[in-house]
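# Observations on the model geometry
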Amino acid sequence: MTQLATFTLADHLFGVEVSRVQEVLRYQPSTKVHLAPAAIGGMMNLRGQVVTSVDLRRRLELPGAAEGSEPMNVVVRVDGEVVSLLVDAIGDVVTVSDELFETPPETLSARERALITGAYKLENRLLLALDIDRAVDVG
């Protein structure tokens, strides 16, 4: 069994290992970083700690969010660093059976397969397992 913290992006359901999640936050203002890759959403002050935000819509090459919508933050730890993932909405923590997991099909591009470790077949939809380490590696 695996526990995943879920969130949505462009109507897709994603999950990350709950043990990697530090916290989830409502929209936090951030400062754009000029010359940074497009997937960097900016930097924010998280209780005195400067944290980089990764815009997962851009990172996953999904369409932009509706104008005026504010992303939520899933704050995760990667290699001892704190990073915020900008997502559309926060979901639940779910426990899924490893028997429901399948690796990404070969029909996905290599780029997509690099960021998605696989999918859990839920009753009504797929839960895409995001590879956090690769998702935040935007360099």
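Per chain, residue numbering runs from 1 following the sequence as it is written. The predicted origin of the model limits local features to residues at a pLDDT of at least 70 and limits the giving and counting of side-chain atom pairs to 80 or more, whereas totals for whole chains, interfaces and linings rest on all residues. Hydrogens and water are ignored here; the side-chain numbers use all heavy atoms of the structure.

A few words on the pairing of strand E10 (residues 116-121). In regular strands, side chains alternate between the two faces of the sheet. With two bridges connecting them, strand E9 (residues 101-102) and E10 associate as antiparallel partners. Residue pairing for E10: Glu102 is matched across the bridge by Ala119. When DSSP finds at least two bridges between two strands, those strands are taken to pair. Secondary structure is summarised from DSSP: a helix means a run of H or I of at least four residues, a strand means a run of E of at least two, and numbering begins at the N terminus for each. Relative to strand E11 (residues 126-130), E10 runs antiparallel, the two being bridged by five bridges. Counted as the bridge partner of Tyr120 is Leu127 from E11.

Attention now goes to the sheet that holds strand E5 (residues 49-55). The strand order across the open sheet formed by five strands is E3-E6-E7-E5-E4, and the pairing between neighbours is mixed. Two strands bound the open sheet, and with one partner strand each, they are strand E3 (21-25) and strand E4 (40-46). The mean inter-strand angle of the sheet, taken between neighbouring strand axes irrespective of direction, is 30°. Two elements, E3 and strand E6 (residues 72-78), share four bridges in a ladder whose sense is antiparallel. When the bridges of E6 are listed, Glu23 appears paired with Val75. In this analysis, axes come from line fits to C-alpha atoms, helices being fitted only over the stretch in contact, and the angle between any two N-to-C directions falls in the range 0 to 180 degrees.

All right, on to the nonpolar core then. In these notes, a set of buried Ala, Val, Leu, Ile, Met, Phe, Trp, Tyr and Cys residues joined through side-chain atoms within 4.5 Å is what counts as a nonpolar core. Classification of residues uses two cut-offs on accessible area relative to the type maximum, computed with a 1.4 Å probe and protein chains only: under 20% is buried, over 50% is exposed, and between them is partly exposed. The biggest cluster of nonpolar side chains holds 27 residues, and the ones touching the most others in it are Phe7, Val54, Leu56, Val76, Leu85, Val87 and Leu130. Here Phe7 is in contact with His12, Leu13, Phe14, Val16, Leu56, Val74, Val87, Ala89, Ile90, Gly91 and Leu130, once residues within four sequence places are set aside. Whether two residues touch is decided by their heavy atoms; if any such pair falls within 4.5 Å, the residues are in contact.

Further remarks concern the UniProt feature "domain: CheW-like" (unreviewed entry) in the protein chain. UniProt positions are given in the numbering used here, feature names are shortened, and annotations may be inferred rather than shown by experiment. This chain's UniProt record puts "domain: CheW-like" (unreviewed entry) on residues 1-139. What you have in residues 1-139 is 10% helix and 49% strand, and the ends, taken at the C-alpha atoms, are 33 Å apart.

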